[in-house]
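Chain by chain, the residues:
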Amino acid sequence: MMRILIPSDVFPPDGRGGAAWSTHALATGLHARGHQVQIIVPCRHPCRRPLVDRVDGLPVRRVPYYAPALPFVQNYFRHERFWPRLAHAIIAAGHDLGGVDVIHAQHTQAAAAAILARAALKAPVVVTVRDHWPWDYFATGLHGNRIPHPGGSWPALATDLVARLGPLRGTLALLAIPYLRSHVATRAALLGKADAVIAPSQYIARRLAGIVDPARIHVLPNMVDIAASDAIAAAAPQITWDGALVLFAGKLEANKGAGVLIELIAALASRRAELPPLTLLIAGDGALRPAIEAALKASGLPGRVLAWVEHDELLRLTARCDLLIFPSNWGEPLARALIEAAALGAPIVAMPTGGTPDIVTHGETGILAPTLPAMAAWIVRLLNDPATRQRLGAAARTAARERFATDRLLPRYEALYAELAQRRKGVNPKQ
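Reading guide: rules and limits
- Residues numbered from 1 in each chain as written.
- Predicted model: local features only at pLDDT ≥ 70, side-chain atom pairs only at ≥ 80, totals over all residues.
- Heavy atoms only, no water.
- Helix = DSSP H or I, 4+ residues; strand = E, 2+ residues; numbered from the N terminus.
- Buried < 20%, exposed > 50% of the residue type's maximum accessible area, 1.4 Å probe, protein only.
- Contact = heavy atoms within 4.5 Å.
- Lys, Arg positive; Asp, Glu negative; His and termini not counted.
- Charge placed at Lys NZ, Arg CZ, Asp CG, Glu CD.
- Expected span 1.5 Å × (residues − 1).
- 1 Å grid on protein atoms, 1.4 Å probe; cavity = no way out; pocket = protein on both sides within 12 Å on 5 of 7 lines; lining within 4 Å.
- Points joined across faces, edges and corners; volume = space filled by probe spheres on them.
- Nonpolar A, V, L, I, M, F, W, Y, C, P; charged D, E, K, R; others polar.
- Core = buried A, V, L, I, M, F, W, Y, C linked by side-chain atoms within 4.5 Å.
- Axes fitted to C-alpha atoms, helices over the stretch in contact; angles between N-to-C directions.
- Parallel < 35°, antiparallel > 145°, perpendicular 65-115°, else oblique.
- Left-handed = near helix turned anticlockwise from the far one by under 90°.
- Polar contact = N/O pair within 3.5 Å; in protein donor to acceptor, adjacent residues only side chain to side chain.
- Phe/Tyr/Trp six-rings, centres within 6.5 Å; stacked < 30°, edge-to-face > 60°.
- Salt bridge = Lys/Arg side-chain N within 4 Å of Asp/Glu carboxyl O.

Comments concerning the overall build of the protein chain
Consideration 1: Check the secondary structure of the protein chain and you find 16 helices and 14 strands.
Consideration 2: Expressed along its principal axes, the backbone C-alpha trace of the protein chain runs to roughly 65 × 50 × 40 Å.
Consideration 3: Scored against the burial criterion, the 431 residues of the protein chain give a buried share of 56%.
Consideration 4: Put simply, of all contacts in the protein chain between residues at least 6 apart along the chain, 67% involve residues at least 24 apart.
Consideration 5: Both charge centroids of the protein chain, one from 46 positive and one from 33 negative side chains, sit 5 Å from each other.

In structure tokens:
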């Protein structure tokens, strides 16, 4: 039994995205195997009450912070100003446990604070990197991999700011670039001090190689409790549809590549005569939602934008979809929507960006379509070929059991924790 602190920027029920549920899967899996797990979560004021709570049997301590709604100033309050306070909360939680064997931080606020807390707790720090924050100020930059500049460079930041804020505000914001670059350098330097850094995909591992000693990088994918997902998905969904169900799940934001969805809808509309009866359900919310709703309405395709769908309901839809589509033109670290879809046996058509090829093997466990015309063509083909859909879905489920199941991955996490804890105590684990 190990005593494990998991400081995480997001955690259910406050966090609803893939990072929150991936952290939840890790924490509940470790708890089920007999480890003593404590979650520490930053929460921007006003916080959910009570501050000390239990979520699915796990003790959760929320740490409030204040951040004014001012660009860049808000970031300073969330990070540099807050890190010492969050570190103090981590130290206090460790003392409450009577000592800590390992601190496993998830994301940017938690990672820096965990490094600051390490000396006081005399415990190794593991950091999981779930997006581009070590090299990109915005973590999910608008450019993805489409320009030959690192995310923290002047050209990338300048063009990103103008694209986000518009010509006038973006140009004025160029004055903040020295702070932006300094901030990225600070969090990268802190990450480089971690005892181990977990990359969920080979893609993220490659991107980290210039920031972290490669000997400290471990590729461990996000995990899914397949038995729990099956149990949830067994219930009937509340949402209804007609014909084949084509499902998209994700944030409707430009920096998450969702703008491609607008073009894909138009491409499918141009081939409507080849499509069987279907319903396109888009489960997600964000700044692009109005534009996507308008594109769907203009296309004449049957479907609707559902906004945020609760996680359990999304699993039920995923288990019953005829096709899960994943158009995304940014460097996906390792999309949880795809892992859960594979685990539930859903046929997948995705763009081969970032870590997605770690999940989908083209022609075997799904389809990787590098362009919009190719993706539209594959969607048309598969909706008219149920046998191939069934084969791809079954193979995806088999592969997910081998690669992403909790019972496969948790022993690897435990082995890493044990090795680091013994090394911290001066014991050679190989003796």
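Describing helix α16 (residues 406-424)
Consideration 1: In this model α16 runs 26 Å from its N-terminal to its C-terminal C-alpha over 19 residues, within 8% of the 27 Å that 1.5 Å per residue would give.
Consideration 2: Taken from the residues just after α16, G426 is the one with a positive phi, measuring 85°.

What about the layout of surface pockets?
Consideration 1: In this structure, the second largest pocket encloses a volume near 380 Å³.
Consideration 2: H24, A25, T28, D225 and A228 are the residues nearest the centre of the second largest pocket, which is lined by 21 residues in total.
Consideration 3: Counting residues per element, the ones that place at least two in the lining of the second largest pocket are α1 (18-32), α9 (226-233), α12 (311-320), α13 (336-343) and α16.
Consideration 4: Top element by residues in the lining of the second largest pocket is α1. It accounts for six residues.
Consideration 5: In terms of residue class, the lining of the second largest pocket is built from eight nonpolar, six polar and seven charged.

A few points about the nonpolar core
Consideration 1: L5, I90, I103, V127 and L208 are the most contacted members of the largest nonpolar core, which totals 44 residues.
Consideration 2: At the level of secondary structure, the elements contributing two or more residues to this core comprise β4 (58-65), α3 (83-96), β5 (102-106), α4 (108-121), β6 (125-128), α7 (177-191), β7 (196-199) and α8 (202-208).
Consideration 3: In this structure, I90 is in contact with L5, P7, I103, A113, A114, A117 and L121, ignoring residues within four places of it in sequence.
Consideration 4: Counting residues in each nonpolar core, the second largest holds 34 residues, with A258, V260, L268 and L392 among its members.

Points about the packing of helix α5 (residues 154-165) against α7
Consideration 1: Relative to each other, α5 and α7 sit at 120°, their axes nearing to 11 Å. The orientation of α5 relative to α7 falls into the category oblique. With respect to the hand of their crossing, α5 and α7 are arranged in right-handed fashion. Residues W154, L157, A158 and L161 of α5 touch α7, and the partners they reach there are I177, P178, L180 and R181.

Looking at the side chain of T318
Consideration 1: With respect to the helices and strands, the residue T318 is situated in helix α12.
Consideration 2: The buried category is assigned to T318, whose relative accessible area is 5%.
Consideration 3: Engagement of the side chain of T318 in a polar contact is seen with the backbone oxygen of L314, the distance being 2.8 Å.
Consideration 4: The residues contacting T318, other than those within four sequence positions of it, are L247, L324, A341, L344 and A346.

Thoughts on the packing of aromatic side chains
The geometry of an aromatic ring pair comes down to the distance between the two centres and the angle between the two planes.
Consideration 1: Tallying each qualifying case throughout the model produces seven aromatic pairs.
Consideration 2: Each ring, one from F72 and one from Y137, has its centre 6.4 Å from the other, and the planes form 55°; the classification is tilted. Of the two residues, F72 sits in the loop between β4 and α2 (73-78) while Y137 sits in the loop between β6 and α5, which places them 65 residues apart along the sequence. Like Y137, F72 is buried.
Consideration 3: Arranged with centres 6.5 Å apart and planes meeting at 75°, the rings of Y137 and Y179 form a pair that is edge-to-face. Within this pair, whereas Y137 is found in the loop between β6 and α5, its partner Y179 is found in helix α7, the two being separated by 42 residues in sequence.

With respect to the pattern of salt bridges
Consideration 1: Scanning the entire structure with this criterion turns up 18 salt bridges.
Consideration 2: Among the ionic pairs, R62 bridges to D14, the shortest N-O distance being 3.4 Å. In this pair, R62 is assigned in strand β4 and D14 in the loop between β1 (3-7) and α1, connecting sequence segments 48 residues apart.
Consideration 3: With a relative accessible area of 5%, R62 lands in the buried category.
Consideration 4: Look at D14 and you get partly exposed, because its relative accessible area is 42%.
Consideration 5: Where D230 meets R397, a salt bridge forms, and the shortest distance between an N and an O atom there is 2.7 Å. Pair noted here: D230 is in helix α9 and R397 is in helix α15 (residues 386-403), with a separation of 167 residues, a long-range link.
Consideration 6: A residue is classified by how much of its surface remains accessible, and D230, at 26% relative accessible area, is partly exposed.
Consideration 7: Relative accessible area serves as the criterion here: at 22%, R397 is assigned to the partly exposed category.
Consideration 8: What you see here is one network of salt bridges that share partners, running through D14, R48, D53 and R62.

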